[in-house]
Amino acid sequence: MIAMTNSCLIIFTRNPVYGKVKTRLAASVGNDVALKVYQFLVEHTAQVTYGLGAVRAIYYSDTVVSTDVWDQADCKVLQEGVGLGERMSNAFRDVVSGGLEKAIIIGTDCYELTRDIIDYGFAQLDQYDVVVGPALDGGYYLLGMKEHHPELFDGIAWSTDSVLQETLSRCDNLSLRYFLLPDLSDIDEEKDLLKTDILEKL
């Protein structure tokens, strides 16, 4: 990975396979709408992060796609590991070991995420060890670190309302200073979707 900056934005994305994305949302709105919402969120995330002053590394869930909405990214790679925690940990490890000084990871589920918030997260890593963007469902939409801390990923009960608190507790146990970004909402269920204007834009 050749960088013109000391920062990397890791973007975890799922390959848009019918019936395998936004499954909690699909349970109430159907697979057709769920897939369209997911594709919309992916395109939105690509637009929000375009031109960011950091390397953009796209990590695909199943297979790297040569031509898609991420064509302007700096690199495209495959997620490696069993389970979300191991995959995220490995991504941080790869980025930090590659010589970059700051790494932030996001997904494509947060419609409220802005470029300013991401920039602010990178800036806070000048003073803090970890930056966290709390999600209203008890998880997080963003995690940033200057060093690889695998303890923040191992054994976490992902997709539960305890993810954020468990992560912060582990930061405390490791004496890592952390900064909290604004609380935002992920689009995981129908109630989250109905609070936005996404359906009007599909």
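Use the structure listed above.
The following paragraphs examine the structure supplied in this document. (Residues numbered from 1 in each chain as written. Predicted model: local features only at pLDDT ≥ 70, side-chain atom pairs only at ≥ 80, totals over all residues. Heavy atoms only, no water.)

1. Observations regarding the sheet that holds strand S4 (residues 102-106)
One open sheet holds the seven strands; their spatial order is S3-S2-S1-S4-S6-S5-S7, and the pairing between them is mixed. Each edge of the open sheet is held by one strand with a lone partner, namely strand S3 (75-78) and strand S7 (178-180). Pairs of neighbouring strands in the sheet enclose a mean axial angle of 20 degrees, with direction left out of account. As defined by bridge partners, S4 adjoins strand S6 (residues 140-145) across four bridges and the pair is classed as antiparallel. Of the residues in S6, the one forming a bridge with Ile 104 is Gly 144. Taken strand by strand, helix H2 (residues 31-49) contacts strand S1 (7-13), strand S2 (55-60) and S4, and its axis lies near 170 degrees from that of S1. Together, S1, S2, S4 and S6 form the strand contacts of helix H3 (residues 83-97), whose direction differs from that of S1 by roughly 155 degrees. (Pairing = 2+ DSSP bridges. Helix = DSSP H or I, 4+ residues; strand = E, 2+ residues; numbered from the N terminus. Axes fitted to C-alpha atoms, helices over the stretch in contact; angles between N-to-C directions. Contact = heavy atoms within 4.5 Å.)

2. A word on unusual backbone geometry
The backbone of Lys 22 shows a phi angle near 50 degrees, a positive value even though the residue is not glycine. For Lys 22, a relative accessible area of 10% puts it in the buried group. In the Ramachandran plot, Ser 159 falls in the positive-phi region, its phi being about 65 degrees despite a non-glycine side chain. (Buried < 20%, exposed > 50% of the residue type's maximum accessible area, 1.4 Å probe, protein only.)

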